[in-house]
Number of protein chains: 2
Amino acid sequence: MEQPGEIKKVSMAVIKRLPKYYKYLGELMRKNVERVSSQELSKILGFTASQIRQDLNNFGEFGQQGYGYNVSQLYTEIAKILGITTNHKMVVIGAGNLGQALANYTGFSIHGFDIIGIFDKNPNLVGRKINDIPIYPVEDMEYFINKNNVDIAVLTVPRDETESIVNRLTNTAIRGIWNFTPVEINIEDRDIVVENVHLIDSLLTLSYRINESWLQERLLKQKRKDKPFGHGKNTTYMVK
Amino acid sequence: MEQPGEIKKVSMAVIKRLPKYYKYLGELMRKNVERVSSQELSKILGFTASQIRQDLNNFGEFGQQGYGYNVSQLYTEIAKILGITTNHKMVVIGAGNLGQALANYTGFSIHGFDIIGIFDKNPNLVGRKINDIPIYPVEDMEYFINKNNVDIAVLTVPRDETESIVNRLTNTAIRGIWNFTPVEINIEDRDIVVENVHLIDSLLTLSYRINESWLQERLLKQKRKDKPFGHGKNTTYMVK
DNA sequence: ATATTTATGTTAAATTAATCACAAACGGGG
DNA sequence: CCCCGTTTGTGATTAATTTAACATAAATAT
Ligand SMILES: NC(=O)c1ccc[n+]([C@@H]2O[C@H](COP(=O)([O-])OP(=O)(O)OC[C@H]3O[C@@H](n4cnc5c(N)ncnc54)[C@H](O)[C@@H]3O)[C@@H](O)[C@H]2O)c1
Ligand SMILES: NC(=O)c1ccc[n+]([C@@H]2O[C@H](COP(=O)([O-])OP(=O)(O)OC[C@H]3O[C@@H](n4cnc5c(N)ncnc54)[C@H](O)[C@@H]3O)[C@@H](O)[C@H]2O)c1
């Protein structure tokens, strides 16, 4: 039952499109474009103009009839929606291949995401710096996060270390976990948001699509033969 | 109009779930579990049993009434669907932070994705090896891909190099591009599949969700005041 | 000023995806 | 061999998302 003043929850589909709007509006700003219509946005972004208008109207009325949207105003509004008007503090947990690559990347700080510490359990790494960011012993993780009001933990530890680290994170003031491990994290009680990257899934999806045309042929044949994969009577699976 | 023998196109939502099924069935196999019902899968995966059955029925009838699914058979079928019954050859283009991290990762070859070459334009990197994989000059990229039947190009070059590399890739026999650059790639003519990782989008989505409760409050206030973001008469955006 | 054009916000329709519900098929036990 | 409990595959239903339509307001041209 919807309460009178209640806000309809914004769907994940919409949320996933917001970064695209944000990114492209940034480009337009850099080109000193002042106004843009949903139609023009549609051209580049590939979404329909109608969808763009509806997406934006989840958050407010940012446009004007007969004019369109003011690029820099809309950009600012979306930045507010995405919560990037203030900087975010991040820590990387696991200073391995991926953790170091992420720490070295400058693209995050451009959007206000600053990595202020790296944690590892390997004493040979502790004390070193990556891109001027110190590597600390993982024992200090909780203290550091709470002390420095860290918002986001970037998780790049090995598979089997994930659960233990996540448990420890739930006892901190962390707000979000950006998870690069293949582990499906589920946190019950706390209000910590988890965003999974799951690169393997992404690669498997690519593989599926490469394979798709072959697969379709196979499915067609199957359909013609009606049930080549069906199981005859007395099919025995169990090896007793 | 649907042709008689035509196959209904499988939706992206379904495809995105396939790797989850695959991953979890792999786990069950390792535990020597022989059979599993859609209900049991549902428990762990979080999708409804009904959805799981419907997803799988896009590709065939793999289960048996009163029994469920044979774990290893279903695993094999999904592997076929994902196109990972044969190995895939990959090359990494751009031996920087991310390219090196990916090349060092062993998790891909487990699923049959083998990185057989790395390409870079930096002569200081060419000739070195990462995880036993040689770094070649990027000039040799096209020849190498065609010669070695490379399926997938992993794109980890800087933003501004992306377009030129993608153009060059369209002149090869490559089947898929796994794109880690922030650039939105669109290839018109050719049958090359692009899978974008877009880490920044993922991070911004995380930020949105961290910010969400604050945003909802703001939207509520806005709704009560009716139109705090509306535009008064004679609002002038254009700075003539 | 006034008319014309443009392009929004919003409601309605269409499409797509998820869930429900159940007949039919199979395994296992007596 | 037959019955009982289980669980699939699938058509029907419901929910979610996307697209279309349009009244309305602002901008621009005349
Ligand atoms: N490298 C990639 O390209 C890639 C791709 C996909 C997924 N991943 C996933 O990302 C994670 C990291 O991958 P990687 O290649 O960087 O691995 P890695 O082995 O290079 O790095 C892991 C780092 O974590 C540290 N570590 C181990 N246990 C720890 C703990 N309890 N606390 C703090 N630090 C700890 C190790 O000392 C090491 O430095 C893995 O879960 C992997 O599956 C990596
Ligand atoms: N590192 C990250 O964590 C991260 C995160 C998100 C996105 N990205 C994106 O991934 C890409 C790579 O990032 P990075 O941090 O590894 O950058 P990087 O600068 O460390 O590496 C880029 C590499 O590409 C090579 N290169 C440049 N032009 C080339 C060309 N024409 N052909 C072949 N090689 C070429 C460079 O010599 C360098 O070795 C960038 O587009 C970046 O935006 C990186």
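Refer to the structure above for everything that follows.
Within each chain, residues carry numbers counting from 1 in the order of the written sequence. For naming, the first written chain is A and the first written ligand is 1, with later ones following in the order written. With the structure being a predicted model, the display of local features is reserved for residues of pLDDT at least 70 and the display and counting of side-chain atom pairs for 80 or more, all residues being used for whole-chain, interface and lining totals. Hydrogen atoms and water are omitted, and side-chain values are computed over all heavy atoms in the structure.

**Considerations on the interface of chain B and chain A**
Let me state the cut-off plainly: In what follows, a contact means two residues having at least one pair of non-hydrogen atoms within 4.5 Å. Buried area: the accessible surface (1.4 Å probe) lost by two parts on joining, summed over both. Here a salt bridge means any side-chain nitrogen of Lys or Arg lying within 4 Å of a carboxyl oxygen belonging to Asp or Glu. Polar contact is defined as a pair of N or O atoms within 3.5 Å, subject to the rule that within protein one atom must be able to donate a hydrogen and the other to accept it, and that residues adjacent in sequence are counted only when both atoms are side-chain atoms. A run of H or I in DSSP becomes a helix once it reaches four residues, and a run of E becomes a strand once it reaches two; helices and strands are each numbered from the N terminus. Under the convention adopted here, Pro, Cys and the residues Ala, Val, Leu, Ile, Met, Phe, Trp and Tyr are nonpolar, Asp, Glu, Lys and Arg are charged, and Gly plus all remaining residues are polar.
Taken together, the contact between chain B and chain A spans 87 residues of the former and 86 residues of the latter. Buried surface at the junction of chain B and chain A, both sides included, amounts to about 7900 Å², of which 61% is carbon and sulfur. Applying the counting rule to chain B against chain A returns 9 salt bridges. As a salt-bridge pair, Lys20(A) and Asp201(B) come within 2.9 Å of each other at their nearest N and O atoms. Where chain B touches chain A, the interface holds 29 residue pairs in polar contact (both at pLDDT 80 or more). Counting residues per element, the side of chain B that touches chain A draws most heavily on helix α9 (residues 199-224) of chain B, which supplies 22 residues. Class assignment of the residues belonging to the side of chain B that touches chain A gives a composition of 43 nonpolar, 23 polar and 21 charged.

**As for the sheet that holds strand β3 (residues 68-70) of chain B**
The line we're drawing: Any two strands are treated as partners once DSSP identifies two or more bridges connecting them.
Ordered by their spatial adjacency, 3 strands build an open sheet running β1-β3-β2 (chain B), and the pairing between neighbours is antiparallel. Lying at the two open borders of the sheet, with one neighbouring strand each, are β1 (35-36) and β2 (63-64) of chain B.

**Some thoughts on the packing of aromatic side chains**
The criterion, for reference: For Phe, Tyr and Trp, where Trp contributes only its six-membered ring, two rings pair if their centres lie within 6.5 Å, and the inter-plane angle classes them as stacked under 30 degrees, edge-to-face over 60, or tilted in between. Throughout this description, buried means an accessible area under 20% of the type-specific maximum (1.4 Å probe, protein chains only), exposed means over 50%, and partly exposed covers the range between. Our definition puts a charge over a ring when NZ of Lys or CZ of Arg is within 6 Å of the ring centre and also within 35 degrees of the ring normal.
One pass over the full model with this rule turns up 18 aromatic pairs over all chains. When the ring of Tyr136(A) is compared with that of Phe144(A), the centres are 5.1 Å apart and the planes differ by 40°; the resulting orientation is tilted. The class for Tyr136(A) is partly exposed, based on a relative accessible area of 27%. By relative accessible area, Phe144(A) is classed as buried at 13%. Look at Tyr105(B) and Phe108(B): their rings are 4.8 Å apart centre to centre, the planes differ by 75°, and that puts the pair in the edge-to-face class. Taking relative accessible area as the criterion, Phe108(B) reaches 2% and is therefore assigned buried. The positively charged end of Arg35(A) is found above the aromatic ring belonging to Tyr67(A), 4.5 Å away from the centroid.

**Let's talk about the side chain of Glu212(B)**
Here Glu212(B) lies in helix α9. With sequence-adjacent residues up to four places away left out, Glu212(B) is seen in contact with Lys9(A) and Ile15(A).

**Some points on helix α1 (residues 12-30) of chain A**
All names here are of chain A. Heads up, the condition is: Here, expected helix span is obtained from the residue count minus one, scaled by 1.5 Å.
Taking 1.5 Å as the rise per residue, α1 with 19 residues should run 27 Å; its terminal C-alpha atoms sit 28 Å apart, in good agreement. Inspection of α1 places Val-14, Ile-15, Arg-17, Leu-18, Pro-19, Lys-20, Tyr-21, Tyr-22, Tyr-24, Leu-25, Gly-26 and Leu-28 among the buried residues, and these make up the whole buried set. Downstream of α1 by a residue or two, Asn-32 has a phi angle that is positive, lying close to 60°.

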